[in-house]
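Okay, here's what each chain looks like letter by letter:
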Amino acid sequence: MIEVRKLTKRFDSHTAVQDVSLTVGRGETLVLLGTSGCGKTTTLKMINRLIEPTSGSIQVDGLDVQQQPSPALRRRIGYVIQDGGLFPHYTVADAIATVPKLLGWETARTQERIRELMDKLQLPTSLLMRYPAELSGGQRQRVGLARALAVHPPVVLMDEPFGALDPFTRKHVRRELFGLSELRETTVVLVTHDVNEALELADRIALMDKGRIVQIGPPDELLTNPATDFVRDFLDDKPHRLHD
Ligand SMILES: Nc1ncnc2c1ncn2[C@@H]1O[C@H](COP(=O)(O)OP(=O)(O)OP(=O)(O)O)[C@@H](O)[C@H]1O
């Protein structure tokens, strides 16, 4: 469970995130939705401390992330970014083994987990020794997810995880990945500017504008009971508004 309280981030004079509070329940998928530059990524990166907040607090399962040493945080929070975020000189096997190694897992246990994830994510084992440049976009995305899930983190953060895929592959890969029981049991915060993706994947959507949350609730509630004209227009008038 994630609890974010009055989170603010200022970069010099610019306030990227202002007074954001939200709770994500165990096993819930919360989607941070909004136009480019509204503060989604900054909010996400404060949860795993890639960015330090100016003020506010974040707890994951009752523990303040700012008090956590980095390896403990990596164990508890998986992270997936656009195009998988894989290191070019790491093979698929190396990539999935990254956090298990960091945590000192035995080789046999790591190998077993790699095999299990390859199977669950429908990645042929013939890809294990390949480098990211030798994979398709959809394969890179799956490997990125396998890496994030390797040590069964209770929380996974995803930043535009399907952003690099063409619309058809995107739909296909996200249905497949979000159908995984392993992911359904995980608490997920996903950033996107794609309304359809948000409506499809979210248990709840937090719609952001200029660093603030304008409305947070289940997709149906935002659609049928928008808090402001901005919310209504945003959900109504999808593609061109969102990709500008
Ligand atoms: N390191 C930084 N230094 C200064 N300003 C920053 C920095 N990182 C982000 N910003 C600014 O903070 C604001 C929010 O950025 P953020 O990346 O969180 O937006 P976003 O909603 O994720 O946008 P996108 O969908 O385009 O990634 C933007 O105005 C951005 O220019």
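Residues numbered from 1 in each chain as written. Predicted model: local features only at pLDDT ≥ 70, side-chain atom pairs only at ≥ 80, totals over all residues. Heavy atoms only, no water.

As annotated in an unreviewed UniProt entry, the protein carries the name Glycine/betaine ABC transporter ATP-binding protein and comes from Spirosoma radiotolerans. Of the comments in the UniProt record for the protein, the one headed Sequence similarities (unreviewed entry) reads "Belongs to the ABC transporter superfamily." (UniProt positions renumbered as here; feature names shortened; annotations may be inferred.)

Draft legend 1. Here's a closer look at the packing of helix H5 (residues 137-149) against helix H6 (residues 167-178). Direction vectors running N to C along H5 and H6 enclose 25 degrees, while the axes themselves pass 11 Å from each other. By the angle class used here, H5 and H6 are roughly parallel. Where H5 crosses over H6, the two elements pack in a sense that is right-handed. Seen from H5, the contacting residues are Gly 138, Arg 142 and Leu 145; seen from H6, they are Val 173, Glu 176 and Leu 177. Residue classes in the contact of H5 with H6 are distributed as three nonpolar, one polar and two charged. (Axes fitted to C-alpha atoms, helices over the stretch in contact; angles between N-to-C directions. Helix = DSSP H or I, 4+ residues; strand = E, 2+ residues; numbered from the N terminus. Parallel < 35°, antiparallel > 145°, perpendicular 65-115°, else oblique. Left-handed = near helix turned anticlockwise from the far one by under 90°. Contact = heavy atoms within 4.5 Å. Nonpolar A, V, L, I, M, F, W, Y, C, P; charged D, E, K, R; others polar.)

Draft legend 2. Expanded view of H6. Here H6 is twelve residues long and its end C-alpha atoms lie 16 Å apart, about the 16 Å a rise of 1.5 Å per residue gives. Within H6, the full set of buried residues consists of Arg 170, Val 173, Arg 174, Leu 177 and Phe 178. One face of H6 carries all of its buried residues, which in axial projection span an arc of 115 degrees. Residues of H6 that are exposed and point more than 90 degrees away from the buried face comprise Phe 168 and Arg 175. Residues of H6 that are buried sit in contact with strand S3 (29-34), H5, strand S7 (155-159), helix H7 (181-184), strand S8 (187-192) and helix H8 (195-201). (Expected span 1.5 Å × (residues − 1). Buried < 20%, exposed > 50% of the residue type's maximum accessible area, 1.4 Å probe, protein only. Arc of directions from axis to C-beta.)

Draft legend 3. Spotlight on the pattern of salt bridges. Evaluated as defined, the whole model comprises 19 salt bridges. In this structure, Arg 170 engages Asp 194 in a salt bridge whose closest nitrogen and oxygen atoms are separated by 3.4 Å. Of this pair, Arg 170 sits in helix H6 while Asp 194 sits in the loop between S8 and H8; the two residues are 24 residues apart in sequence, bridging distant segments of the chain. Take Arg 170 and Asp 194: they sit in the same class, and that class is buried. (Salt bridge = Lys/Arg side-chain N within 4 Å of Asp/Glu carboxyl O.)

Draft legend 4. Quick peek at the packing of helix H3 (residues 92-102) against helix H4 (residues 107-120). Between H3 and H4, the least distance of the axes is 10 Å, while the angle of their chain directions is 120 degrees. Classified by the interaxial angle, the pair formed by H3 and H4 is oblique. Read as a crossing pair, H3 and H4 show a hand that is right-handed. Of H4, the residues touching H3 (which contributes Val 92, Ala 93, Ile 96, Ala 97 and Pro 100) are Thr 110, Ile 114, Leu 117 and Met 118. Classifying every residue of the contact of H3 with H4 by side-chain character gives eight nonpolar, one polar and no charged.

Draft legend 5. Region of the structure containing the sheet that holds strand S4 (residues 55-60). Strand order in the open sheet formed by four strands is S2-S1-S4-S5, and the pairing between neighbours is antiparallel. Because the sheet does not close on itself, it has two edges, and the strands there are strand S2 (14-24) and strand S5 (63-64). Sheet analysis places strand S1 (residues 2-11) next to S2, joined by seven bridges and oriented antiparallel. Opposite Phe 11, over in S2, you have His 14 as the bridge partner. (Pairing = 2+ DSSP bridges.)

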